[in-house]
Amino acid sequence: MPRTPDRLAPDAAGVARAAALLRAGRLVAIPTETVYGLAADARNPGAVAAIYAAKERPAFNPLIAHVADAGAAAALVHWPETAARLARAFWPGPLTLVLPLRAGHGLAPGVTAGLETLAVRVPDHAATRALLTTMGGPLAAPSANPSGRLSPTRPEHVIAGLGDRIAAVLDAGPCPVGVESTILALDPAPRLLRPGGVPAEAIEAVLGAPLAAPAPDPAAPQAPGQLASHYAPRAALRLDAAAPRPGERMLGFGDVPGELTLSATGDLAEAAAALFHHLHALDDGAHPIAVAPIPETGLGRAINDRLRRAAAPRD
């Protein structure tokens, strides 16, 4: 019978137990403000390799290192003034920065997938920040789901996808943001690698300049979330639908009603928080899912990025 992971409370005892498991090289799903992450000690090569094995994740797809504060990030990567300015504005929070590695960083090679850069962020979740402080070092933590599938925003999503492959879930209930972090490369100039929980407009306001948007190579991603097919339910997805076709299940938004609705009032923050949970609920594997149009502004940019990758042709 498959093993069910331990469900740990997000209190001092739960954090201590999670830290003990991680120090022993085990995998623990952790809450963040964005989605649940599948965490391992980023300094332990065997534990990092176990992330790739549990998720069945391509070995060329790098991981994000989660750290306790900006000082811990600056110890791992070269830290320009632009990074410090963005960290002051958005950390802790759903922003990941990709920067050149420092010599002697101490990370397992699998964290960067062989790249000379590291994706790093400070999550905005009390339990996980307590865990990072207890660990005294970085945690590698991609989303806690089988590779390419719907991201987990609740503990039950984690258990359904990876339950027999991990030791525990630090259970803090639903994730409030609901879409992954925005990822920026800062060398040599700020470039948007993945839209996410911090809207590009807010970043541009801090920088006083527009972000460049490179065309990533899906076969050689610079950061997580750049594969052409990603975040996918079992069922096929049809986007920008005004109404369902026969046999489809409808995910509504704004004035377009559905079996479930991301936000009846057109609130993009509400829609982002509900996105993956509603897709999990509608995904019976048999009926295609139709999704109402989402504006391409603010958090809508991240929502549409996830939906386009979820609807992309699959291998």
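Residues numbered from 1 in each chain as written. Predicted model: local features only at pLDDT ≥ 70, side-chain atom pairs only at ≥ 80, totals over all residues. Heavy atoms only, no water.

This next bit is on the overall build of the chain. Each helix and strand in the chain was counted, giving 10 helices and 14 strands. At 19 Å, the chain has a C-alpha radius of gyration in line with the 20 Å of a compact globule built from 315 residues. The C-alpha extent of the chain, read off along each of the three principal axes, is 60 × 55 × 35 Å. Every one of the 315 residues in the chain was classed for burial, and the buried ones make up 54%. Summing over all exposed atoms, the chain offers an accessible surface of approximately 12200 Å²; the carbon and sulfur share of this is 56%. (Helix = DSSP H or I, 4+ residues; strand = E, 2+ residues; numbered from the N terminus. Rg over C-alpha atoms; globule rule 2.2 N^0.38 Å. Buried < 20%, exposed > 50% of the residue type's maximum accessible area, 1.4 Å probe, protein only. Areas by Shrake-Rupley, 256 points an atom, 1.4 Å probe, with all protein chains shown as cover.)

Considered for burial, the residues of helix 8 (residues 200-207) that qualify are A200, I203 and L207. One face of helix 8 carries all of its buried residues, which in axial projection span an arc of 65°. The secondary structure elements touched by the buried residues of helix 8 are helix 4 (81-90), strand 5 (95-100), strand 9 (182-185) and helix 10 (299-311). Positioned one or two residues after helix 8, G208 has a phi angle of 70°, which is positive. (Arc of directions from axis to C-beta. Contact = heavy atoms within 4.5 Å.)

A word on the nonpolar core. As a rule of thumb, nonpolar side chains are buried together in soluble globular proteins. If you look at the biggest cluster of nonpolar residues, it comprises 47 residues, and the most contacted ones within it are L86, L95, L97, L118, L184 and I203. Top element by residues in this core is helix 2 (residues 45-55). It accounts for five residues. (Core = buried A, V, L, I, M, F, W, Y, C linked by side-chain atoms within 4.5 Å.)

Further remarks concern the environment of I51. Inspection of the secondary structure assignment puts I51 in helix 2. In this structure the C-alpha to C-alpha distance between I51 and R165, which are 114 residues apart in sequence, comes to 9.4 Å. Excluding residues that lie within four positions of it along the chain, I51 makes contacts with L27, L38, A39, A40, L63, A140 and P142.

This next bit is on the layout of surface pockets. Of the pockets and cavities examined, the second largest pocket occupies roughly 270 Å³. Taken together, 16 residues form the lining of the second largest pocket, with R149, L150, R234, H280 and D283 sitting closest to its centre. Counting residues per element, the lining of the second largest pocket draws most heavily on helix 7 (residues 155-162), which supplies five residues. Considering only residue class, the lining of the second largest pocket consists of eight nonpolar, four polar and four charged. (1 Å grid on protein atoms, 1.4 Å probe; cavity = no way out; pocket = protein on both sides within 12 Å on 5 of 7 lines; lining within 4 Å. Points joined across faces, edges and corners; volume = space filled by probe spheres on them. Nonpolar A, V, L, I, M, F, W, Y, C, P; charged D, E, K, R; others polar.)

Moving on to the sheet that holds strand 11 (residues 237-238). Sheet strands pair via backbone hydrogen bonds, and the direction of the pair is either parallel or antiparallel. The strand order across the open sheet built from four strands is 11-14-12-13, with neighbouring strands paired in parallel fashion. Both edges of this open sheet fall to strand 11 and strand 13 (260-261), since each of them pairs with a single strand only. Both strand 12 (residues 249-252) and strand 13 contribute to a ladder of two bridges, which runs parallel. In the strand pairing of strand 13, G252 is matched with T261. (Pairing = 2+ DSSP bridges.)

Spatially, 10 strands are ordered 1-8-2-3-7-4-6-5-9-10 in an open sheet, and the strand pairing comes out mixed. Only two strands of the sheet have a single neighbouring strand rather than two, namely strand 1 (6-8) and strand 10 (191-194). Judged from the two bridges that link them, strand 2 (residues 28-30) and strand 8 (residues 168-170) form a sheet pairing that is parallel. Residue pairing for strand 8: V28 is matched across the bridge by A168.

Moving on to the side chain of R249. Following the sequence through the fold, R249 ends up in strand 12. Given a relative accessible area of 19%, R249 falls into the buried group. Here the side chain of R249 touches L282 through a polar contact of 3.1 Å, landing on its backbone oxygen. In contact with R249, not counting residues within four places along its chain, are E259, A281, L282, D284, H287, P288, I289 and A290. (Polar contact = N/O pair within 3.5 Å; in protein donor to acceptor, adjacent residues only side chain to side chain.)

Attention shifts here to the pattern of salt bridges. In the structure shown here, the tally under the stated rule is 14 salt bridges. Linking E56 and R165 is a salt bridge whose minimum nitrogen-to-oxygen distance equals 3.8 Å. Taken as a pair, E56 in the loop between helix 2 and strand 4 (64-66) and R165 in the loop between helix 7 and strand 8 lie far apart in primary sequence, 109 residues in all. Since its relative accessible area comes to 37%, R165 is described here as partly exposed. Across the pair D305 and R309 runs a salt bridge, and its minimum N-O distance is 3.0 Å. Of this pair, D305 and R309 are both found in helix 10, four residues apart, which corresponds to roughly one turn of the helix. Given a relative accessible area of 8%, D305 falls into the buried group. Put simply, E180, D305, R306 and R309 are held in one network by salt bridges that share partners. (Salt bridge = Lys/Arg side-chain N within 4 Å of Asp/Glu carboxyl O.)

Our next topic: unusual backbone geometry. Most peptide bonds are trans, and most residues other than glycine sit at a negative phi. Residue W91 is joined to P92 through a cis peptide bond whose omega torsion reads -10°. Its location among the elements puts P92 in the loop between helix 4 and strand 5. Even without a glycine there, the phi angle at E56 is positive, about 55°. Not every positive phi belongs to a glycine, and D240 is a case in point at roughly 55°.

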